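# Observations on the model geometry
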Amino acid sequence: MKNPLQVPRLFLFTLVLANEVGGTLQYPVVISTWPFLEAVRAAWRAVDSGFSAVDAVVEGCSACEKLRCDGTVGPGGSPDENGETTIDAMVMNGVTMEVGAVAAMRYVPEGIKAAKLVLEHTKHTMLVGDQASAFAISMGLPGPINLSSVESIEKWMKWKANYCQPNFWKNVSPGDNCGPYNPNGPSIGRCLMANELQPDEFGSVNVGLDSHDTISMAVIDQVGRIAVGTSTNGATFKIPGRVGDGPIAGSSAYADSEVGACGATGDGDIMMRFLPCYQVVESMRLGMEPKVAAKDAISRIARKYPSFIGALFAVNKSGIHAGASHGWTFQYSVRNPGMKDVEVFTVHP
């Protein structure tokens with residue numbers, strides 16, 4: 001007589017096997033903004049080895065920080081007005097909805113690991129500035145370290161020689177070519193981003209094909225848990241202290257294991273006003289397919305800011321994914337059980 005427990009055990013084994021060989025289940029899956037192939041491979045190795053979604057996200061974003069992807073992730077890129085590089089990063093657990101983030105963090109190169117420390121060892125969501133740096137170092141991360149590089153300093157010096165143009169100021173007059181600036185004066189130079197609904201005046205010219213500015217990554221692990229993470233060194237020549245959308249849950253990324261996830265990139269100062277990734281996940285919760293949800297979230301921004309540049313990817317809890325973009329051609333990278341290696345998907349505006 002057969003043991004009645006053998007049937008459910010066999011059923012469970014079949015489910016796991018289908019998952020591993022890319023059968024009916026579509027996870028684990030790793031998705032990242034842009035062709036950050038090595039970052040996706042690092043996350044895939046982790047999740048394929050049994051790591052949790054959170055840990056795999058950290059592995060993937062850490063790889064991008066070490067590689068200094070596009071010069072806009074990790075140390076050594078995007079100097080602010082003082083020539084300094086700072087880090088924004090975030091990780092979100094889609095099971096518990098907990099978030100850990102750091103913003104405007106100086107002297108510590110490992111942003112995503114610092115964000116995970118906030119997630120795991122504090123009851124807070126975000127730490128900022130020098131206090132974030134002190135926290136990260138106290139918890140064992142390397143630092144203090146100068147996050148500038150020869151390349152970032154050279155970029156900053158050329159900008160200074162060009163009278164600190166373009167920049168992010170508006171409605172000010174300068175004491176000299178590079179400030180200090182006084183409020184309520186005439187606008188100077190050409191601003192990098194529009195802060196008013198005047199699409200024909202200024203565009204998001206700081207965000208281009210050679211300045212991808214953020215890695216935003218989502219991972220669904222072997223048991224269906226979902227997490228997202230981001231890391232960036234922010235906008236080039238930003239006003240010191242500026243925090244972009246990278247560490248803001250719901251803007252640069254969002255995850256809910258009951259629904260799916262989203263990752264975004266582009267003009268963070270505009271996109272963070274709309275929380276596009278929160279919108280995507282909530283739209284999928286209401287039954288929208290990922291492709292429709294992604295297009296809907298982007299179109300909401302474009303209606304208010306027709307000249308903005310941005311993009312996002314959406315993935316539901318089954319691993320079905322899609323992307324949407326406005327103002328540029330966007331690419332995102334995917335690895336799932338049906339792929340032999342990372343595949344890059346192109347999304348046209």
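Residues numbered from 1 in each chain as written. Predicted model: local features only at pLDDT ≥ 70, side-chain atom pairs only at ≥ 80, totals over all residues. Heavy atoms only, no water.

The name given to the protein in an unreviewed UniProt entry is beta-aspartyl-peptidase, and the organism recorded there is Nicotiana tabacum. Here is the UniProt Subunit (unreviewed entry) comment for the protein, exactly as written: "Heterotetramer of two alpha and two beta chains arranged as a dimer of alpha/beta heterodimers." As recorded by UniProt, the Sequence similarities (unreviewed entry) comment attached to the protein reads in full: "Belongs to the Ntn-hydrolase family." (UniProt positions renumbered as here; feature names shortened; annotations may be inferred.)

Right, let's get into the confidence of the model for the protein. Any residue range with low pLDDT should be treated as having predicted coordinates unsuitable for detailed reading. For the protein, per-residue confidence averages 87 on the pLDDT scale, and residues scoring 70 or more make up 85% of the total. With pLDDT under 50 throughout, residues 1-24 is counted as low confidence; its partners more than four residues away or in other chains account for 12 contacts. Segment residues 187-209 is flagged for pLDDT under 50; beyond a separation of four residues in sequence, or across chains, it makes 64 contacts in the model. (pLDDT = per-residue confidence, 0-100. Contact = heavy atoms within 4.5 Å.)

Here Asp245 lies in the loop between strand 8 (226-232) and strand 9 (253-256). One buried charged residue, Asp245, remains without a salt bridge, the closest side chain of opposite sign being Arg242 at 5.6 Å. Apart from the residues lying within four places of it in its own chain, the contact partners of Asp245 are Ser251, Ser252, Gly268, Met271 and Met272. (Helix = DSSP H or I, 4+ residues; strand = E, 2+ residues; numbered from the N terminus. Buried < 20%, exposed > 50% of the residue type's maximum accessible area, 1.4 Å probe, protein only. Lys, Arg positive; Asp, Glu negative; His and termini not counted. Salt bridge = Lys/Arg side-chain N within 4 Å of Asp/Glu carboxyl O.)

Ordered in space as 9-10-11-12, the four strands form an open sheet in which the pairing is antiparallel. Looking at which strands have only one partner, the edges of the open sheet turn out to be strand 9 and strand 12 (321-326). Going across the sheet, the axis of each strand differs from the next one's by a mean of 10 degrees, ignoring polarity. Here strand 9 runs beside strand 10 (residues 260-266); their pairing, made up of four bridges, is antiparallel. (Pairing = 2+ DSSP bridges. Axes fitted to C-alpha atoms, helices over the stretch in contact; angles between N-to-C directions.)

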